[in-house]
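Coordinate analysis (summary)
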Amino acid sequence: NGETDGSSYPNGGLRGTHEAGGYLAIDTSSPIFLRGDTIFIPAIFVSYHGAALDEKTPLLRANHALNTQGSRLLSALGMDVSSGIIANIGLEQEIFLINREEYYRRPDLQMT
């Protein structure tokens with residue numbers, strides 16, 4: 001039922017070659033874009049068993065979980081969540097530079 005592939009040589013095991021491959025799927029949540037004369041199609045890369053083989057898949061799974069569970073919570077609180085929940089990356093964060101002496105005079109800054 002299995003045949004050898006390059007990834008099973010160190011332990012001498014057998015597994016189906018369909019399990020050794022990675023699978024590419026188009027990410028429909030991100031736009032396709034052009035850069036120069038190249039078209040970029042956002043995609044995710046997973047194993048046969050669904051393990052993430054890239055850095056984008058865990059982010060998309062987290063967004064899905066946030067939307068599902070956040071919608072459940074807000075619905076239970078009586079809010080309308082028919083449009084779902086959209087996570088933002090927080091570009092509104094601010095950074096303030098202050099003098100060291102001012103920092104030591106402000107316990108609230110020291111505790112954050």
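Summary of the structure given here. (Residues numbered from 1 in each chain as written. Predicted model: local features only at pLDDT ≥ 70, side-chain atom pairs only at ≥ 80, totals over all residues. Heavy atoms only, no water.)

Digging into the overall build of the protein chain
- Tallying secondary structure elements over the protein chain gives four helices and four strands in all.
- Each helix (α) and strand (β) of the protein chain, taken in turn from the N terminus, gives the series α-β-β-β-β-α-α-α.
- Within the span of the protein chain, comprising 112 residues, buried residues form 12% of the whole.
- Across the protein chain, the fraction of contacts at a sequence separation of at least 24, relative to all contacts at a separation of at least 6, is 16%. (Helix = DSSP H or I, 4+ residues; strand = E, 2+ residues; numbered from the N terminus. Buried < 20%, exposed > 50% of the residue type's maximum accessible area, 1.4 Å probe, protein only. Contact = heavy atoms within 4.5 Å.)

Thoughts on the side chain of D27
- For D27, the location among the structural elements is in the loop between β1 (22-26) and β2 (33-35).
- D27 gets classed as buried once you look at its relative accessible area, which sits at 5%.
- Engagement of the side chain of D27 in a polar contact is seen with the side chain of S30, the distance being 2.8 Å.
- A distance of 2.5 Å separates polar atoms of two side chains, one belonging to D27 and the other to K56.
- Among residues more than four places away in sequence, those in contact with D27 are P42, A43, I44, K56 and L60. (Polar contact = N/O pair within 3.5 Å; in protein donor to acceptor, adjacent residues only side chain to side chain.)

Quick look at helix α2 (residues 56-76)
- Here α2 contains 21 residues, and its C-alpha end-to-end distance of 30 Å stays within 8% of the 30 Å for a straight helix at 1.5 Å per residue.
- Of all the residues in α2, the buried ones are T57, G70 and S71.
- Check the buried side of α2 and you find it contacts β4 (43-47).
- Positive backbone phi, at 85 degrees, marks G78, one or two positions downstream of α2. (Expected span 1.5 Å × (residues − 1).)

Keep in mind these numbers describe shape, not what the thing actually does.
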